[in-house]
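# What the coordinates show
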Amino acid sequence: MRSRSTWATFLISLLLAPASFAHMLNMTNLNLSVPTEGAAKLDLIIDLGQSGLVTPEFYWSSAQTTDGSEQELMLREALSKIEEGLILKVNGQRQMLALTDLNLEAISLDAIINPLTPQMARISYELQSVKLSTEDIVELQLASSIDVPWPCLVRVDAFANLPASRLLTEETRSSGAILLGLPGQREESDFLLALTLQFQSASPALSWLAVGFQHVVPDGADHIAFILGLFFLSSRLTTLIGQVTLFTVAHSITLTAAIFGWVSAPSHLIEILIAASIIYVAVDNLYEEQLQRWRALAVLGFGLLHGLGFASALGSLELPQDTTLSALLFFNLGVEVGQLAVLVMAFACVGWFRQQPFYKRRIADPASVTIAGVGLYWFTKRLAIYLF
C-alpha cells in the first residue's frame, strides 16, 4: 500500500509541475534605479494579460497597436489601477510617479493566454518630485487594491551599490525599509528570496521545458494515445524502452529540422497521418507481442510525423533568435518529461498486472481497441475537415 501511495504522490507531482512553474515564470518584477545623476526610475514588469487587470484578448489588441499614445489610452483604466496600488515611499512619504514609457511584449494571443509563455509588459515611471540621496530610506508596496501574478521580486539599484532584493507575496506586500546608501542589502538568510533569484536566472530555460511538457500533458491527446499504444504492445520493459527510444530520436530530428526550416509539410495532412499512426500501433498490438523489425521501422517513421506535429504546435510561439538551440533543447526535454509522465500514469494504473497471465487478454487488448477507436474518430474527423 505504501508503494502505491508513493507512486500516486509522484504522479500528482508530475501533473502539478506545470502549474507550479507558471506561477514562477510570470512573476512580477519591480526595479527601482537610482542613478548618481538624474531622476530615479521605477520599472514594473508584469504579465498584464494574466494579471486580471485586462483580458488576454484586450492585451493582444493593445499590443498590436503601434501608436504609443493610443496604447496608453486603451490601457488607461488598467494603468490607473496600477498607479493607485503601486506605492513608493521615501522617508515614509508617498511619492508621485510619472509614466514615461509603456512597452507591451506579445508574440501571439495563444502565448498571452498560456501562463507558461509569459508576455511581459514593461511600465516605466519616473520620480520627479524629489532628488534621492544615500541618506534616504525607500519602501515599495503593492496595495491590496491591486492584484499581480505573484510573487513580486523587488530590486533596488542605487548609486552603483550592489542591488537590494526583496520578495513580495500576496500576504507580504511591502519591501520594508531599504537604505539607499547601504550596499549589498540582499537578504541571504531569506531562503525563499534566494531560491526565487536562482529560479529567475534559469526561468527562460524552465519556461521552454514547461511548454514542452504542456504540449504532451495535457494538450497532446493524440501524442498521449500514441505513447499508450506503445506501452500496451508487450509486458516486457525492454520492448517498451526500445520503442520509446526510437520514437524520441525520430521526433527530435524532425522537430529540429522543421524549426530551422529544413523540412515542412501541411499541418492538416500531418494531423491526419498522426491519427492513422495511432490506429496502426493500437491494432498491431492485438496481433504482436514482441517488437518486430518492421514495427520498429514503423515507430521510427511515426516519430518523424509526430515531430512535424510538435513543430506545427510551436507555430503560435516564437523561439528566441539568440538562444534558439537552447530553447529547442529544453522544449524537447519537456516533451520527454511529458512522455515519462504518461508512462508513469500507465504504470501506476495497470503496471502491477503486467506479469499476470490475464494482462494481455483483459487489459492490454481492450485498451488497444479503445485507443484504435479514438484514433479512428480523430482520423475520420480530420479527414472530413480536410475534404469538406
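Residues numbered from 1 in each chain as written. Predicted model: local features only at pLDDT ≥ 70, side-chain atom pairs only at ≥ 80, totals over all residues. Heavy atoms only, no water.

### Points about the sheet that holds strand E4 (residues 93-94)
Sheets are built from strands paired through backbone hydrogen bonds, the pairs being either parallel or antiparallel. If you trace the 4 strands from one edge of the open sheet to the other, you get E4-E3-E7-E10, paired in antiparallel fashion. Looking at strand neighbours, the two that pair on one side only are E4 and strand E10 (178-179), the edges of this open sheet. (Pairing = 2+ DSSP bridges. Helix = DSSP H or I, 4+ residues; strand = E, 2+ residues; numbered from the N terminus.)

### Considerations on the nonpolar core
Formed by 52 residues in total, the largest nonpolar core has its most connected members in Leu 230, Phe 231 and Phe 232. Sorting the residues of this core by element identifies helix H6 (191-214), helix H7 (221-231), helix H8 (237-259), helix H9 (267-285), helix H10 (293-313), helix H11 (324-350) and helix H12 (359-387) as the ones contributing at least two each. The biggest single contributor to this core is H11, with 9 residues. Residue contacts for Leu 230: discarding those within four places in its chain leaves Leu 240, Gln 243, Val 244, Phe 247, Val 281, Arg 295 and Val 299. Counting 43 residues, the second-largest nonpolar core is a separate cluster that includes Leu 44, Tyr 125, Val 148 and Val 154. (Core = buried A, V, L, I, M, F, W, Y, C linked by side-chain atoms within 4.5 Å. Buried < 20%, exposed > 50% of the residue type's maximum accessible area, 1.4 Å probe, protein only. Contact = heavy atoms within 4.5 Å.)

### Details of the packing of aromatic side chains
Summed over the entire model, instances satisfying the criterion amount to 8 aromatic pairs. These aromatic residues form a ring-pair network of at least three members: Phe 226, Phe 247, Tyr 280 and Phe 302. Over the ring of Phe 231 we find Arg 354, and its NZ or CZ is 4.6 Å from the ring centre. (Phe/Tyr/Trp six-rings, centres within 6.5 Å; stacked < 30°, edge-to-face > 60°. Lys NZ or Arg CZ within 6 Å of the ring centre and 35° of its normal.)

### Brief notes about the sheet that holds strand E1 (residues 28-34)
Here 6 strands make up an open sheet; going across it, the order is E5-E6-E2-E1-E8-E9 and the pairing mixed. At either margin of the open sheet sits one strand with a lone partner, and together these are strand E5 (97-104) and strand E9 (164-168). Within the sheet, the average angular offset between the axes of one strand and its neighbour, ignoring direction, is 15 degrees. Bridge count between E1 and strand E8 (residues 152-158): 7 bridges; the pairing is parallel. Residue pairing for E8: Asn 31 is matched across the bridge by Arg 155. Strands in contact with helix H4 (residues 76-85) are strand E2 (40-46), E5 and strand E6 (121-127); relative to E6, the strand with the most contacts, it is inclined by about 50 degrees. (Axes fitted to C-alpha atoms, helices over the stretch in contact; angles between N-to-C directions.)

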